[in-house]
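Given next are the chains, with one letter for each unit.
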Amino acid sequence: METVLVIGGGGREHAIVRALADDAEVYALSSNRNPGIDALAAGMEIADGTDTDAVVDYAEEIGADAAVVGPESALAAGVADALDDAGVFTFGPTAEAARIETDKAYQREFMAENDIPGTPGFETFDAADAAADYVESIDDDVAVKPAGLTGGKGVRVTGDQVSHAEAAAYVRESGHDEWVIEERLVGEEFTVQAFVADGVVRPTPAVQDHKRAYEGDEGPNTGGMGSYSDAGPTLPFMTEADYLAAVDVLDATVEALPAYTGVLYGQFMLTAEGPKVVEFNARFGDPEAMNVLPVMETPLLDVVTAARDGDTLPEPTFENRATVCKYAVPAGYPTDPESGAEIEVDESTVAAAAEAGGGDALLFYASVDAREDGLFTTTSRSFAVVGVAADIPTAEAIAADALDAAGDGLRVREDVGTEELVQSRVAHMASLRD
Ligand code: AMP
Ligand code: GLY
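Residues numbered from 1 in each chain as written. Chains lettered and ligands numbered in written order. Predicted model: local features only at pLDDT ≥ 70, side-chain atom pairs only at ≥ 80, totals over all residues. Heavy atoms only, no water.

Of regular secondary structure, the chain possesses 15 helices and 24 strands. Since a compact globule built from 434 residues should have a radius of gyration of about 22 Å, the 21 Å found for the chain is in line with a globular shape. Once the C-alpha set of the chain is aligned to its principal axes, its extents read approximately 60 × 50 × 40 Å. Within the chain, the proportion of its 434 residues that are buried is 58%. For the chain, long-range pairs separated by at least 24 residues make up 67% of all intrachain contacts whose partners lie at least 6 apart in sequence. Summing over all exposed atoms, the chain offers an accessible surface of approximately 16,200 Å²; the carbon and sulfur share of this is 43%. Looking at charge distribution, the chain has the averaged site of its 25 positive side-chain charges lying 4 Å from that of its 83 negative ones. (Helix = DSSP H or I, 4+ residues; strand = E, 2+ residues; numbered from the N terminus. Rg over C-alpha atoms; globule rule 2.2 N^0.38 Å. Buried < 20%, exposed > 50% of the residue type's maximum accessible area, 1.4 Å probe, protein only. Contact = heavy atoms within 4.5 Å. Areas by Shrake-Rupley, 256 points an atom, 1.4 Å probe, with all protein chains shown as cover. Lys, Arg positive; Asp, Glu negative; His and termini not counted. Charge placed at Lys NZ, Arg CZ, Asp CG, Glu CD.)

Take a look at the structure:
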């Protein structure tokens, strides 16, 4: 059996470990003891995933044949570079290639230089005052983005969350120097993730994430409160041509980045003129990995080993089933999360939800810490449930039932994947296209 090291300890990494565990001996390295990963892995090292020496030492200790990196922080720290230097193939880009995610100014300039379709209008700045002055000087609505990593929480959009004056004040006060100020895109967001190696792009089904903290898309941006995918590659508010246009963007990006290895994640806004790029990520999405990996029929290990061995990436196939993922997060998340709170997760509720709902239900632990005295929250999302069924409403009902597993002190967005919400997205897109 191949020995594979997975870096990271969130819900995304639990889904990655689950997708590998039948075919490989999986080891994990993460700063928290995720009980779901712990139960599947042959071993687990508690260490910081951005500590390249700790990662290489552990990879050598377990004799890793390959590694898969979950979080962008580890990519930015050069974990893929360090593992590759140590002779451990890593499914994840080098720090230089990961700049497509970790430096938004570079990302936009790269897109413009390479004529990547779907590039929004943008300006880059290396001083906050100049960026803020620019925001005050224009009438059009804009998105203001610090160039560096902010865990999905750094963007403000005028005409949506804030006024121009508030956006300018935010730019001046938030302590970042480098900014991207770009055209506000209006439409419906969706994600397409693709496996990439040797210039070959293998896309997976589209997913819609829900970034805003509260029901009805209110409140601050989060890492993602939940997400859904349909049976097949598209979503109810998009056409096959929209999906293929998004895949064309990923193809054009990889053509301009031939050395890229790993998952390339495209975040798109489906506008009246078609998909535009909100951003790229250099890794699986969290929660989106939990939608796509459970319905992937092709073993994830085959993708990783093909990339390692220089074989053409297999064309992955997917079950024709819908998925709905809902996160339970600590009270106060994302602005003032209550970490260190003891929580209980009733796993039997999840199995019962699947049985009652006529589909499957999965539980993915996220940023929780399993200690001898119990299970505790961190400052990030706690666990997710995923309903898998023939259609989105059935999958949603299963996920909603399974969420009864959440004990006191956790918060959820009940509306993710509901018929009402999905139909409102369909109506929104129809009105924009009119
Ligand atoms: P990002 O960190 O780039 O993923 O941005 C976080 C969120 O901000 C996105 O998921 C969008 O909801 C929103 N956003 C980012 N860029 C834009 C844009 N140009 N127009 C409208 N909304 C945006
Ligand atoms: N779901 C958004 C992200 O993974 O960045």
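Here we take up the site of ligand 1. Taken together, 15 residues lie around ligand 1, and Glu-182, Glu-183, Leu-185, Glu-189 and Glu-279 are the ones closest in. Glu-183 has a polar backbone atom sitting 2.9 Å from a nitrogen atom of ligand 1. At a separation of 2.8 Å, a nitrogen atom of ligand 1 approaches a polar backbone atom of Leu-185. Taking 480 Å² as the accessible area of ligand 1 by itself, protein coverage stands at 94%. Its residues assigned to classes, the shell around ligand 1 comprises 6 nonpolar, 1 polar and 8 charged. (Near = heavy atom within 4 Å. Polar contact = N/O pair within 3.5 Å; in protein donor to acceptor, adjacent residues only side chain to side chain. Nonpolar A, V, L, I, M, F, W, Y, C, P; charged D, E, K, R; others polar.)

Turning our attention to the packing of helix α8 (residues 128-137) against helix α9 (residues 164-173). In contact at an axis separation of 8 Å, α8 and α9 are set at 175 degrees when each is read in the N-to-C sense. Compared by their axis directions, α8 and α9 come out roughly antiparallel. Contact residues: α8 offers Ala-128, Asp-129, Ala-131, Ala-132, Asp-133, Val-135 and Glu-136, while α9 offers His-164, Ala-167, Ala-168, Val-171 and Arg-172. (Axes fitted to C-alpha atoms, helices over the stretch in contact; angles between N-to-C directions. Parallel < 35°, antiparallel > 145°, perpendicular 65-115°, else oblique.)

Following the sequence through the fold, Arg-425 ends up in helix α15 (residues 419-433). Among the polar contacts listed, one links the side chain of Arg-425 to the side chain of Asp-217, at a separation of 2.3 Å. Excluding residues within four positions of it along the chain, Arg-425 makes contact with Glu-188, Gln-208, His-210, Asp-217, Tyr-228 and Phe-237.

With that out of the way, let us pick up a negative patch on the surface. A cluster of acidic residues, Asp-48, Asp-51, Asp-53, Asp-57, Glu-60 and Glu-61, forms a negative patch on the protein surface. Here Glu-61 shows up in helix α3 (residues 52-62). (Patch = residues over 30% accessible without salt bridge, like charges linked within 9 Å, V, L, I, M, F, W, Y side chains within 5 Å. Salt bridge = Lys/Arg side-chain N within 4 Å of Asp/Glu carboxyl O.)

Considering the arrangement of structural elements, one finds Asp-336 in the loop between β18 (322-330) and β19 (342-343). For Asp-336, a relative accessible area of 60% translates into the label exposed.

So, about the site of ligand 2. Residues in contact with ligand 2, as listed here, are Asp-209, Lys-211, Gly-223, Tyr-265, Asn-281, Arg-283, Gly-285, Asp-286, Pro-287 and Glu-288. In the environment of ligand 2, an oxygen atom lies 3.3 Å from a nitrogen or oxygen atom belonging to the side chain of Asn-281. In the model, an oxygen atom of ligand 2 is placed 3.0 Å from a nitrogen or oxygen of the Asp-286 main chain. Calculation on ligand 2 without its partners gives an accessible area of 200 Å², and the protein chains cover 90% of this total. Residue composition of the shell around ligand 2, grouped by class: 2 nonpolar, 3 polar and 5 charged.

With that settled, the discussion passes to the packing of helix α13 (residues 347-357) against helix α14 (residues 392-402). Two numbers describe how α13 lies on α14: the axes approach to 8 Å, and their chain directions differ by 150 degrees. It follows from the interaxial angle that α13 and α14 lie roughly antiparallel. Where α13 crosses over α14, the two elements pack in a sense that is right-handed. Across the interface between the two elements, Thr-349, Val-350, Ala-353, Ala-354 and Gly-357 of α13 pack against Thr-394, Ile-398, Asp-401 and Ala-402 of α14. Broken down by class, the residue content of the contact of α13 with α14 amounts to 5 nonpolar, 3 polar and 1 charged. (Left-handed = near helix turned anticlockwise from the far one by under 90°.)

Moving on to the environment of Ile-16. The residue Ile-16 is located in helix α1 (residues 11-21) in this model. Accessibility expressed as a relative area gives 0% for Ile-16, which makes it buried. Sequence-wise, Ile-16 and Val-69 are 53 residues apart; in three dimensions their C-alpha atoms are separated by 9.6 Å. Not counting residues within four places of it along the chain, the set of residues in contact with Ile-16 comprises Val-6, Val-68, Phe-284, Leu-293 and Leu-300.

As a further point, take the nonpolar core. Membership of the largest hydrophobic core comes to 80 residues, with the highest contact counts inside it found for Leu-5, Leu-83, Phe-190 and Phe-383. The contacts of Leu-5, once residues within four sequence positions are left out, are Tyr-27, Ala-28, Leu-29, Val-55, Tyr-58, Ala-59, Ile-62, Ala-64, Ala-66, Ala-67 and Val-68. Counting residues in hydrophobic clusters, the runner-up holds 47 residues, among them Ala-28, Phe-91, Phe-284 and Leu-301. (Core = buried A, V, L, I, M, F, W, Y, C linked by side-chain atoms within 4.5 Å.)

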